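# Residue-level structural notes
If you want the building blocks of each chain, they are given just below.
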Amino acid sequence: MRRVAVQTEDFDVGAELAALEALGGGGVASFTGVVRGEGGLIALELEHYPAMTQAQVGRIVDEALARWPLLGVSVIHRYGRLEAGARIVFVGTASRHRTAALESCAFLIDWLKSEAPFWKKEHFAAGATAWVAARAEDEAKAKGWTG
Amino acid sequence: MLKIVYFAWVREAIGRDEEQIERPGPGSTVADLIALLVARGGGYAEALADSSRLRAAVDQRFVPIDSPIGDAREIALFPPVTGG
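Residues numbered from 1 in each chain as written. Chains lettered and ligands numbered in written order. Predicted model: local features only at pLDDT ≥ 70, side-chain atom pairs only at ≥ 80, totals over all residues. Heavy atoms only, no water.

## With respect to the overall build of chain A
Scanning chain A for helices and strands turns up four helices and eight strands. A principal-axis box enclosing the C-alpha atoms of chain A has dimensions of 50 × 35 × 30 Å. Contacts in chain A between residues at least 24 apart in sequence constitute 77% of all its contacts with a sequence separation of at least 6. Summed over its atoms, the accessible surface of chain A is roughly 6,900 Å², and 52% of this surface lies on carbon and sulfur atoms. (Helix = DSSP H or I, 4+ residues; strand = E, 2+ residues; numbered from the N terminus. Contact = heavy atoms within 4.5 Å. Areas by Shrake-Rupley, 256 points an atom, 1.4 Å probe, with all protein chains shown as cover.)

Below you can see the structure in the form of structure tokens.
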């Protein structure tokens, strides 16, 4: 199972996990990213590069499939305006081995952060907006998986 | 002609999300293209003058800024990505 979705709509985490569990591997790991409503932040606006996003996320998924013995991978990334508390991203992996499921899940979210063409803009209650700056720490984490 | 697309604050500073420009000379790199755009001044200079803050893609593949344009059809200029 290989599922890549780039969409504005919300997703059902329970249904996504159930699909991975049904593969019969015995181990499912997942990560859900949610808009953090702190510091007066009311929403994030996610911009992406439509001509590139699906293919690039697909390459990241293929990299995970090449590195770990996985029965299934699901990646869902939303774009558009997402209010505080809304889900942004889901990564789920299924494997016969818990280490493969857990490691590949961490790899996928690290790579999505620094290798997928999305940009976040913060909207605050007072009306101010700010583009989120990339963190060197995130780039270092993604690079940590190479080699 | 060559299509250029912009994202995030690069798009906002330039004031448009895409445009067609005269294809730069043979052997030109993305950095050469950026220099041509910076010379326009205004929002272009504001967005693109400091190339250390920029990332690029050639035909929907991330590339280093000093990569050749070759016979690419679409160049994208944007800040480091912040998805996930």
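## Section: the pairing of strand S1 (residues 2-6) of chain B
Residues and elements named next belong to chain B. Burial analysis of S1 places four of its five residues in the buried class, the great majority of the element. Relative to strand S2 (residues 18-21), S1 runs antiparallel, the two sharing four bridges. Among the inter-strand pairings, Val5 is bridged to a residue of S2, identified as Glu18. Strand direction decides the pairing type here: S1 and strand S5 (residues 74-78), joined by four bridges, are parallel. Within S5, the residue paired with Lys3 across the bridge is Glu74. (Buried < 20%, exposed > 50% of the residue type's maximum accessible area, 1.4 Å probe, protein only. Pairing = 2+ DSSP bridges.)

## Side note on the interface of chain B and chain A
Facing the 21 residues of chain B at the interface are 27 residues of chain A. Summed over both partners, the interface of chain B with chain A comes to about 1,900 Å²; 57% of that surface belongs to carbon and sulfur atoms. Applying the counting rule to chain B against chain A returns three salt bridges. Here Glu12 of chain B makes a salt bridge to Lys121 of chain A, at a shortest N to O gap of 2.5 Å. Taken together, the links from chain B to chain A amount to 12 residue pairs in polar contact (both at pLDDT 80 or more). Those elements giving two or more residues to the side of chain B that touches chain A turn out to be S1, helix H1 (8-14), strand S3 (55-58), strand S4 (61-63) and S5 of chain B. For the side of chain B that touches chain A, the element with the most residues is H1 of chain B, which contributes four residues. In terms of residue class, the side of chain B that touches chain A is made up of 12 nonpolar, four polar and five charged. (Buried area = accessible area lost by both parts, 1.4 Å probe. Salt bridge = Lys/Arg side-chain N within 4 Å of Asp/Glu carboxyl O. Polar contact = N/O pair within 3.5 Å; in protein donor to acceptor, adjacent residues only side chain to side chain. Nonpolar A, V, L, I, M, F, W, Y, C, P; charged D, E, K, R; others polar.)

## Remarks on the sheet that holds strand S8 (residues 129-131) of chain A
Residues and elements named next belong to chain A. Reading across from one edge, S5-S3-S7-S8 is the order of the four strands in this open sheet, with antiparallel pairing throughout. Looking at strand neighbours, the two that pair on one side only are strand S5 (80-83) and S8, the edges of this open sheet. Averaged over neighbouring strand pairs, the angle between their axes works out to 25° when direction is ignored. Pairing analysis gives three bridges linking strand S7 (residues 118-124) to S8, with the strands arranged antiparallel. Looking at S8, one finds that His123 is bridged to Thr129. (Axes fitted to C-alpha atoms, helices over the stretch in contact; angles between N-to-C directions.)

## Some words on the confidence of the model for chain B
Low-confidence regions, as indicated by low pLDDT, have predicted coordinates that should not be scrutinised in detail. Considering every residue of chain B, the mean pLDDT works out to 97; 100% of them sit at 70 or more. Overall fold confidence (pTM) sits at 0.95, and the ipTM for the predicted complex is 0.96. (pLDDT = per-residue confidence, 0-100.)

## Examining the environment of Ile76 of chain A
All names here are of chain A. Residue position: Ile76 is located in strand S4 (residues 72-78). Separated by 19 residues in sequence, Ile76 and Val57 have C-alpha atoms that sit 9.4 Å apart. Apart from residues no more than four positions distant in its own chain, Ile76 is found in contact with Arg3, Ala5, Gln7, Phe11, Glu16, Ile88, Val89 and Phe90.

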